[in-house]
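So the chains spell out like this:
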Number of protein chains: 2
Amino acid sequence: MRKVVSSGQPTIKEIAKKLNISVSTVSRALHDHHSIGLRTKARVKQLAAEMNYERNQTAVYFQQGRTFTIGILLPELSEAFFSSAISGIEDTAYSNDYTVLLGQSHDDEAREKQIIQSMKQHRVDGCIVSIGKNTRNYDHFEMLRQAKIPVVFFDRIPDLPNIHTVSCNLESGTIQAVDFLLKKGHRVIGMINGPEQLVASKERATGYIKALRKHRLKYDPELIVNADLTAAGTSQAMEYLLSLRRKVTAIVTFNDYVAMDAVQYALKQKLEINKDITFVSYANTPVSGYTAFPPAASVEQFPYEQGKAATNMLLSLLSGEHALNEYNNMLMESQLVIHDR
Amino acid sequence: MRKVVSSGQPTIKEIAKKLNISVSTVSRALHDHHSIGLRTKARVKQLAAEMNYERNQTAVYFQQGRTFTIGILLPELSEAFFSSAISGIEDTAYSNDYTVLLGQSHDDEAREKQIIQSMKQHRVDGCIVSIGKNTRNYDHFEMLRQAKIPVVFFDRIPDLPNIHTVSCNLESGTIQAVDFLLKKGHRVIGMINGPEQLVASKERATGYIKALRKHRLKYDPELIVNADLTAAGTSQAMEYLLSLRRKVTAIVTFNDYVAMDAVQYALKQKLEINKDITFVSYANTPVSGYTAFPPAASVEQFPYEQGKAATNMLLSLLSGEHALNEYNNMLMESQLVIHDR
DNA sequence: CTGTTAGCGCCTTCAC
DNA sequence: GTGAAGGCGCTAACAG
């Protein structure tokens, strides 16, 4: 059907012919094999350079049964968190001579399956995956397991047994955040949290409660609201928090977007930011520093480092220095970054 | 050296053996070749399904001499513009059954060369490239040309003859921006432009001047400042513009970051945004809407669409429906998006 | 030190 | 309709 177009690129065969030696000698010379004479080596290398020879990796991949390529599946590249993460992945992969094959699911389960399928056919050596919001069925990952393609899950992790994961624990950062507010004298601290079912929301709530407990303060459940992360939801949450009997002087928001919406609401109520009300958030975006009223502090989740860690974990799996029934679950600690003292 | 690990994946050979037919029959059956009997076809397909057979793409790539993979080289994934662009690239590639190999140069020329080299070895079918800020030498692209790997340059385009490009013309958007301000009654409009040597700066300046000319207003060179895009540079530029005899009531800024810095400066001078002073900017970031004082309008550059266009151009080059000496240079029009009337 | 040979999985031309 | 054979470029036994 499709014509095989000769690429015109020189092969070791041609080099061998011109030099009147065998292909294996050429191959070995090019690889600096110890058993090849210095003179032949030099001759081969010189001719190869002259002819602009370049090894055909597709042949090598085929022959070796591995591609030195890792597949990356993420929900959405345009989210700052993921673009930062993939930056870390790509950097680490490249410095280990691996290439990166990319796919984004857009949180669509069907597309996610399709991409995994395509990566499997591509014979990637391994995958790094952050699953979509709506993914409920994990058959595609089961197929990878059967094909013996190792996977490291990262940030958005499926509820599966025996998997490798890298994620960031938000509890510690939240404790630091609440600590920070308490030290500044705040006693009534609200929290605009995310949807209840998210692990990330649970970690935030737990951190909040633990921080209070640490300071022997009683926890008032009224002060935590679960919102839907939309601007409208945030306004509602703000309205609620500001209507409470106890006067809320600080609020921990689910992320920077929520913080920005909350700030807008507060400004409309003629509140002075960092005086009447102080915000602390989670750094999903690097631009919060540019806003007129950035949060006084935010919990950094180190997406770049997470990407790096996930890649290193995958590479160590690929190097085969692991027992097959050993599963790595790495938990990074989040950390509070203070913008405004 | 490295052991060849049998992947354990079934091959057409095994299917053939189990069915006591030849590999070529299996191959043909799997491809729905017309000359294969319906019964055999069915038997083959069923067994293949049962065995979880999956075609080894690396073998196909090798054999066909093409990989259905395109290489993407970008300066920096964490820049909103590029992450949006790659989103468009990836979507388009995937819906055409192409896979995407990723590399970021971090604006480092050496790394850029290395990535191109690696993509060439990978035998990508084509490349989409946005060059680094500091790249002065283009030998690596010359090598791609010799290897007959088509390249589409995009957004950041090198100064080379006979290349394919996709880029966005900022002149039109700038004209619209100035039009918008003039219609709102502004007569003294400043511009904080970028470094003089950038094409993008030139286009902005030209658009500004053309818009004034269109309205038969005289152009005052004092009103355009070239800044370095840092916060400090922006402050200086603001100080200068606000010190002019003629009272500047509106400013066009190089991008949203500059706009945000400029807004900060204006606020410090107790100016009221959108009253004493109005800003119009270029949309490099989707978050400007979240800031307390977003620009009244901004010039959209459609990175997603640019990525899509570049990919389509590359795909059409790959399909071979082009003369070799034909070069495509696509210019998209930027467009003003009004946030605040 | 170097050459010969086989084979990776698949497709395709040629023969039957 | 189906089979046999060759070859894509490279590596790695196995022989000298």
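Criteria and thresholds
Residues numbered from 1 in each chain as written. Chains lettered and ligands numbered in written order. Predicted model: local features only at pLDDT ≥ 70, side-chain atom pairs only at ≥ 80, totals over all residues. Heavy atoms only, no water. Pairing = 2+ DSSP bridges. Helix = DSSP H or I, 4+ residues; strand = E, 2+ residues; numbered from the N terminus. Axes fitted to C-alpha atoms, helices over the stretch in contact; angles between N-to-C directions. Contact = heavy atoms within 4.5 Å. Buried area = accessible area lost by both parts, 1.4 Å probe. Salt bridge = Lys/Arg side-chain N within 4 Å of Asp/Glu carboxyl O. Polar contact = N/O pair within 3.5 Å; in protein donor to acceptor, adjacent residues only side chain to side chain. Buried < 20%, exposed > 50% of the residue type's maximum accessible area, 1.4 Å probe, protein only. Arc of directions from axis to C-beta. Near = heavy atom within 4 Å. Domains from an automatic or database assignment. Phe/Tyr/Trp six-rings, centres within 6.5 Å; stacked < 30°, edge-to-face > 60°. Lys NZ or Arg CZ within 6 Å of the ring centre and 35° of its normal. Nonpolar A, V, L, I, M, F, W, Y, C, P; charged D, E, K, R; others polar. Core = buried A, V, L, I, M, F, W, Y, C linked by side-chain atoms within 4.5 Å. Least-squares fit on C-alpha atoms with pLDDT ≥ 70 in both. Parallel < 35°, antiparallel > 145°, perpendicular 65-115°, else oblique. Left-handed = near helix turned anticlockwise from the far one by under 90°.

Looking up chain A in an unreviewed UniProt entry gives the name LacI family transcriptional regulator, with the organism given as Chitinophaga solisilvae.

S.K.: Which parts of the structure should I look at to understand the pairing of strand β10 (residues 297-300) of chain B?
M.R.: Within a regular strand, side chains alternate between the sheet's two faces. Residue and element names in this part refer to chain B. Looking at chain direction, strand β9 (residues 278-283) and β10 are connected through four bridges and run parallel. Across the sheet, the residue bridging to Tyr-282 is Val-299, located in β10. When β10 meets strand β12 (residues 335-338), the two strands line up antiparallel, connected through four bridges. Bridge pairing in β12 places Glu-300 opposite Gln-335.

S.K.: Any chance you could explain the sheet that holds strand β8 (residues 250-253) of chain B here in plain terms?
M.R.: In a beta sheet, neighbouring strands pair by backbone hydrogen bonds and run either parallel or antiparallel. Residues and elements named next belong to chain B. Strands sit in the order β7-β6-β8-β9-β10-β12 across an open sheet of six strands; the sheet is mixed. Of all strands in the sheet, those bounded by a partner on one side alone are β7 (224-226) and β12. Along the sheet, successive strands turn relative to each other by an average axial angle of 20°, direction set aside. With respect to the sheet, helix α9 (residues 199-214) is in contact with β6 (189-193), β7 and β9, its orientation differing from that of β6 by roughly 170°.

S.K.: Explain the interface of chain A and chain B to me, please; I cannot follow it from the model alone.
M.R.: Interface size, as often reported, equals the accessible area lost upon joining of the parts. Taken together, the contacts link 53 residues of chain A with 53 residues of chain B. Both sides of the chain A and chain B interface together cover about 5,400 Å² of buried area, and 51% of this is carbon and sulfur. Taken together, the connections running from chain A to chain B amount to six salt bridges. Residue Arg-111 of chain A is joined to Glu-90 of chain B by a salt bridge in which the shortest nitrogen-to-oxygen separation is 3.1 Å. Here chain A is connected to chain B by 24 residue pairs in polar contact (both at pLDDT 80 or more). Ranked by the residues each element gives to the side of chain A that touches chain B, the list is headed by helix α4 (residues 57-64) of chain A, at seven residues.

S.K.: Any chance you could explain helix α2 (residues 23-30) of chain A here in plain terms?
M.R.: An α-helix turns once every 3.6 residues. As a result, residues three or four positions apart point the same way. Residues and elements named next belong to chain A. Among the residues making up α2, those that are buried are Thr-25, Val-26 and Ala-29. What you see down the axis of α2 is that its buried residues fit within an arc of 100°, all on one side. The inward-facing, buried residues of α2 contact α1 (12-19) and α3 (38-50). Downstream of α2 by one or two residues, Asp-32 has phi in the positive range, about 60°.

S.K.: So what exactly am I meant to see when it comes to the protein's contact with DNA strand D here?
M.R.: Contacts to DNA strand D come from 27 residues, most closely from Ile-12, Ser-27 and Tyr-53 of chain A together with Thr-25 and Arg-28 of chain B. A share of 63% of the atoms of DNA strand D within 4 Å of the protein falls on sugar and phosphate groups. A distance of 2.8 Å separates a phosphate oxygen of DNA strand D from a polar atom in the side chain of His-31 of chain A. Taking Thr-40 of chain B, its side chain carries an N or O atom lying 2.9 Å from a phosphate oxygen of DNA strand D.

S.K.: Mind showing me how you'd approach the domain arrangement of chain A here?
M.R.: Residues and elements named next belong to chain A. Taken domain by domain, chain A holds domain 1 (12-55), domain 2 (66-168 + 303-332) and domain 3 (169-300). Look at where the C-alpha atoms of domain 2 and domain 3 centre, and you get two points 32 Å apart. Contacts between the two partners involve seven residues from domain 2, matched on the other side by seven residues from domain 3. Both faces considered, domain 2 and domain 3 share a buried interface measuring about 450 Å² in area, 52% of it formed by carbon and sulfur atoms.

S.K.: Hey, could you run me through unusual backbone geometry in this one?
M.R.: Trans peptide bonds make up most of the peptide bonds, and negative phi angles are found at most residues other than glycine. At Leu-229 of chain A, a position not held by glycine, the phi torsion is positive, near 75°. On the secondary structure map, Leu-229 of chain A appears in the loop between β7 (224-226) and α10 (231-243). Of note, Lys-148 of chain B is a non-glycine position whose phi angle comes to about 60°, a positive value. You can see Lys-148 of chain B is positioned in the loop between α7 (139-146) and β4 (151-154).

S.K.: I keep staring at the packing of aromatic side chains and nothing clicks. Help me out?
M.R.: Within a pair of aromatic rings, the relevant descriptors are the distance that separates the centres and the angle that separates the planes. Tallied over the full model, the rule gives 11 aromatic pairs over all chains. For the pair Tyr-138 of chain A and Phe-141 of chain A, a centre-to-centre distance of 6.4 Å together with 35° between the ring planes defines the contact as tilted. The interplanar angle of 85° and the centroid separation of 5.0 Å between the aromatic rings of Phe-141 of chain B and Phe-153 of chain B together place this pair among those described as edge-to-face. A residue pair is termed long-range when its members are at least 10 positions apart, and Phe-141 of chain B in helix α7 and Phe-153 of chain B in strand β4 qualify at 12 residues. Accessibility classification places Phe-141 of chain B together with Phe-153 of chain B in one group, the buried group. Within the aromatic cluster, the residues linked to one another by ring pairs are Tyr-138, Phe-141 and Phe-153 of chain A. Arg-204 of chain A extends its terminal NZ or CZ atom over the ring of Phe-254 of chain A, reaching a point 3.7 Å from the ring centre. A cation sits over an aromatic face here: Arg-204 of chain B above Tyr-282 of chain B, 4.1 Å from the ring centre.

S.K.: It is not clear to me how the protein's contact with DNA strand C should be interpreted in this structure. Could you clarify?
M.R.: Neighbouring DNA strand C are 26 residues, the closest being Ser-24 and Thr-25 of chain A together with Ile-12, His-31 and Tyr-53 of chain B. Here the atoms of DNA strand C within 4 Å of the protein split so that 60% fall in sugar or phosphate, with bases taking the remainder. Between Ser-24 of chain A and DNA strand C, the recorded distance is 2.9 Å, taken from a side-chain N or O atom to a base oxygen. The side chain of Tyr-53 of chain B places a nitrogen or oxygen atom 2.5 Å from a phosphate oxygen of DNA strand C. Elements supplying a minimum of two residues to the surface near DNA strand C: α2 and α4 of chain A together with α1 (12-19), α2 (23-30) and α4 (57-64) of chain B. Grouping the constituent residues of the surface near DNA strand C by class yields eight nonpolar, 14 polar and four charged.

S.K.: How should the sheet that holds strand β3 (residues 126-129) of chain A be read in this particular structure?
M.R.: On the basis of which strands lie adjacent, the open sheet formed by 12 strands has the order β11(A)-β5(A)-β4(A)-β3(A)-β1(A)-β2(A)-β2(B)-β1(B)-β3(B)-β4(B)-β5(B)-β11(B) and mixed pairing. For this open sheet the edge positions go to β11 (329-333) of chain A together with β11 (329-333) of chain B, each flanked by a neighbour on one side alone. Averaged over all adjacent pairs, the angle separating strand axes in this sheet is 20°, with direction ignored. Across three bridges, strand β2 (residues 99-104) of chain A lies against strand β2 (residues 99-104) of chain B in antiparallel orientation. Across the sheet, residue Leu-101 of chain A finds its bridge partner in β2 of chain B, namely Leu-101 of chain B. In the packing of helix α5 (residues 80-95) of chain B onto the sheet, the strands contacted are β2 of chain A together with β1 (69-74), β2, β3 (126-129) and β4 of chain B, and the crossing angle to β2 of chain A comes to about 80°.

S.K.: How should the nonpolar core be read in this particular structure?
M.R.: Considering soluble globular proteins, one finds that nonpolar side chains tend to be buried as a cluster. Core analysis: the biggest nonpolar cluster contains 52 residues, and Ile-70 and Ile-72 of chain A together with Ile-70 and Ile-72 of chain B have the highest contact counts within it. With residues near it in sequence (within four places) discarded, Ile-72 of chain B still touches Ile-86, Ile-89, Val-100, Leu-101, Leu-102, Gly-103, Met-119 and Ile-128 of chain B.

S.K.: Would you mind showing me how to read the relation of the copies chain A and chain B here?
M.R.: Both copies of the chain are related by one operation, a rotation about an axis with a shift along it. Aligned on chain B, chain A shows an RMSD of 0.2 Å; the corresponding rotation is 180° and the shift along the axis is 0.0 Å. The transformation relating the two chain copies, once decomposed into turn and shift, fits a two-fold axis. With an isologous cut-off of 70% or more, the 100% of interface residues of chain A that recur at the interface of chain B puts this contact in the isologous class.

S.K.: Please clarify how the packing of α1 of chain B against helix α3 (residues 38-50) of chain B should be interpreted in this entry.
M.R.: Any two packed helices are characterised by the angle at which their axes cross and by the distance between the axes. All names here are of chain B. Contact geometry of α1 with α3 gives a least axis separation of 10 Å together with a crossing angle of 120°. Regarding the angle of α1 to α3, the classification is oblique. Read as a crossing pair, α1 and α3 show a hand that is right-handed. Across the interface between the two elements, Ile-15, Lys-18 and Leu-19 from α1 touch Arg-43, Val-44, Leu-47 and Ala-48 from α3. By residue class, the composition of the contact of α1 with α3 is five nonpolar, no polar and two charged.

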